[in-house]
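Report on the structure
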Amino acid sequence: MKRLIATLAVAAGLAAPALAEDVVKFGSLRVPVQVYAGMGKGFFEVEGITVEPTFFKSGSEIAPAVATGQVDAAITTSGAALFNALARGAEFTIVAEALNIEPGAPGGDPTAIMVRSDSGIESGADLAGKKIAVTAPGQILDMIVNEYIVQSGVNLEDVTKVGMAPPDMVPALTNGSVDAAIMIDPFQSIALGGGTVTRLVRASEVMPGTSQAFMVYSNGMMAREDVAVRFLRAYKATNDWIREALATPEGRTELAGYYQQYVPAKDASVYEKIAMGTASESLAVNVDGDYGLRWQMQTLIDAGLVPQAPDLDAHLNTALLDQASN
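Residues numbered from 1 in each chain as written. Predicted model: local features only at pLDDT ≥ 70, side-chain atom pairs only at ≥ 80, totals over all residues. Heavy atoms only, no water.

Details of the overall build of the chain
- Secondary structure summary: the chain contains 14 helices and 10 strands in total.
- For the chain, the C-alpha radius of gyration of 22 Å lies close to 20 Å, the compact-globule estimate for 326 residues.
- Projected onto its principal axes, the C-alpha positions of the chain cover 90 × 45 × 30 Å.
- When burial is assessed residue by residue, the chain has 49% of its 326 residues classed as buried.
- Accessible area of the chain: about 14,800 Å², with a carbon and sulfur share of 53%.
- Here the chain contributes 22 positively and 37 negatively charged side chains, and the mean placements of these two sets differ by 7 Å. (Helix = DSSP H or I, 4+ residues; strand = E, 2+ residues; numbered from the N terminus. Rg over C-alpha atoms; globule rule 2.2 N^0.38 Å. Buried < 20%, exposed > 50% of the residue type's maximum accessible area, 1.4 Å probe, protein only. Areas by Shrake-Rupley, 256 points an atom, 1.4 Å probe, with all protein chains shown as cover. Lys, Arg positive; Asp, Glu negative; His and termini not counted. Charge placed at Lys NZ, Arg CZ, Asp CG, Glu CD.)

Below, the structure written as structure tokens:
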């Protein structure tokens, strides 16, 4: 009888769901990113991980939070702030891609340069002498604008750029305070809905294949190799599902529900309408390709926005993603 009870107890233990014992503190802006969909789908739970979200008001807060271990993992964007943080010795590691400027992306391109419909701007050449709203010098959106201007044969000095928060760009463009603006969704969809703004060019037409945002790990997370790999495995499963889900109305509705659950919008239907960026299918960071990290870093160095070049290789790790993908 004792043996039977022991056998039943073991069987019950095997049948019970695994407890999510490993906690990962995850940081991002209060925007929809893959991790929140993965939480909703249960991909992290399957890997035995509990994700504790931490939201930041500004992207400039994220790198220091990862470097000091306030969070274990985070999504951060490319740009001068990232490279300068690395040059100053910030201790974090880029392990995977979070957003790729991908032509034909399943969720559409969430970034574009927009113009007033009555501005007479029909191509990049028409931007000479115009005012363009950007977030801040050296940020990835600013880099996209600069590259488009250069590709169009216009001198950067012939364009006036105005720093502005994304929500302020819609009224500034519609009331004529600026002639153009680089917008991310939902703001470009809001602007298009007003009927007075048109899309000049998509980011994926300017810098195709660019890794715009990344998953980064703290030193503490890197030391927990098993957890680090399992987190990336769940993250990859999430990205795979999102890329497939975006192909159908039903999948997009399900995804919208998860984003609304974790990052609620005032109008829940916005998630079913806007372009939703994804990482590339491989999640591999574009480092040495066209518009890769080295190109971005050198471009910012040449512009005087990154005074000291960081040792980029010392802050990159591809082995963890390779393990998670196998």
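Side note on the pairing of strand β5 (residues 111–116)
- Extensive coverage of β5 is indicated by the burial of 6 of its 6 residues.
- Where burial is concerned, the two faces of β5 agree: the one with Thr111, Ile113 and Val115 and the one with Ala112, Met114 and Arg116 are both buried.
- Where β5 meets strand β9 (residues 197–202), 5 bridges bridge the pair, whose relative direction is antiparallel. Each bridged residue has a counterpart across the sheet, and for Val115 the counterpart in β9 is Thr198. (Pairing = 2+ DSSP bridges.)

A look at empty space enclosed by the protein
- Taken as a whole, this structure holds 1 cavity of 30 Å³ or more when the rule is applied.
- In this structure, the largest cavity spans a volume of roughly 60 Å³.
- In terms of lining, the largest cavity is formed by Leu99, Asn100, Ile101, Glu102, Ala105, Gly108, Asp109, Pro110, Thr111, Gln212, Gly277 and Thr278.
- It is strand β4 (residues 92–101) that contributes the most residues to the lining of the largest cavity, 3 residues altogether.
- Tallied by class, residues from the lining of the largest cavity come to 4 nonpolar, 6 polar and 2 charged. (1 Å grid on protein atoms, 1.4 Å probe; cavity = no way out; pocket = protein on both sides within 12 Å on 5 of 7 lines; lining within 4 Å. Points joined across faces, edges and corners; volume = space filled by probe spheres on them. Nonpolar A, V, L, I, M, F, W, Y, C, P; charged D, E, K, R; others polar.)

Observations concerning the sheet that holds strand β7 (residues 160–163)
- The 5 strands are arranged β7-β6-β8-β5-β9 in an open sheet whose pairing can be described as mixed. Each end of this open sheet is capped by a strand with a single partner; those strands are β7 and β9. The sheet shows a mean angle of 30 degrees between the axes of neighbouring strands, taken without regard to direction.
- Against the sheet, helix α7 (residues 166–174) touches β5, β6 (131–134), β8 (180–184) and β9, its axis set at about 150 degrees to β8. (Axes fitted to C-alpha atoms, helices over the stretch in contact; angles between N-to-C directions. Contact = heavy atoms within 4.5 Å.)

Regarding the sheet that holds strand β10 (residues 210–218)
- As summarised here, the arrangement of the 5 strands in space is β2-β1-β3-β10-β4, forming an open sheet in which the pairing is mixed. Two strands in the sheet have a free side with no partner beyond their single neighbour: β2 (49–56) and β4. The sheet shows a mean angle of 25 degrees between the axes of neighbouring strands, direction not considered.
- One ladder, built from 2 bridges, connects strand β1 (residues 22–29) with strand β3 (residues 73–77); its direction is parallel. Bridge assignment links Phe26 to a residue of β3, and that residue is Ala73.
- Contacting β1, β2, β4 and β10, helix α2 (residues 34–41) crosses the sheet at an angle of about 145 degrees to β2.
- Running over the sheet, helix α5 (residues 80–87) touches β3, β4 and β10 and is turned about 170 degrees from β4.

Notes on the pattern of salt bridges
- Tallied over the full model, the rule gives 12 salt bridges.
- With its nearest N and O atoms 2.7 Å apart, the salt bridge here joins Asp142 to Lys161. One end of the pair, Asp142, is in helix α6 (residues 140–151); the other, Lys161, is in strand β7, and 19 residues separate them in sequence.
- Judged by its relative accessible area of 3%, Asp142 falls in the buried class. (Salt bridge = Lys/Arg side-chain N within 4 Å of Asp/Glu carboxyl O.)

A few points about the side chain of Ser78
- Examined against the element boundaries, Ser78 turns out to sit in the loop between β3 and α5.
- According to the relative accessible area criterion, Ser78 is buried, its value standing at 4%.
- For Ser78, the side chain forms a polar contact with the side chain of Gln296, separated by 2.4 Å.
- When neighbours within four sequence positions are excluded, Ser78 is seen to be in contact with Phe83, Gln139, Ile140, Ser211, Gln212, Phe214, Leu293 and Gln296. (Polar contact = N/O pair within 3.5 Å; in protein donor to acceptor, adjacent residues only side chain to side chain.)

Considerations on the pairing of β4
- Most of β4 is tucked away, with 10 of its 10 residues classed as buried.
- Summarising the sheet, β4 and β10 pair through 8 bridges and their orientation is antiparallel. Each residue of the ladder has a partner; that of Ala96, found in β10, is Met215.

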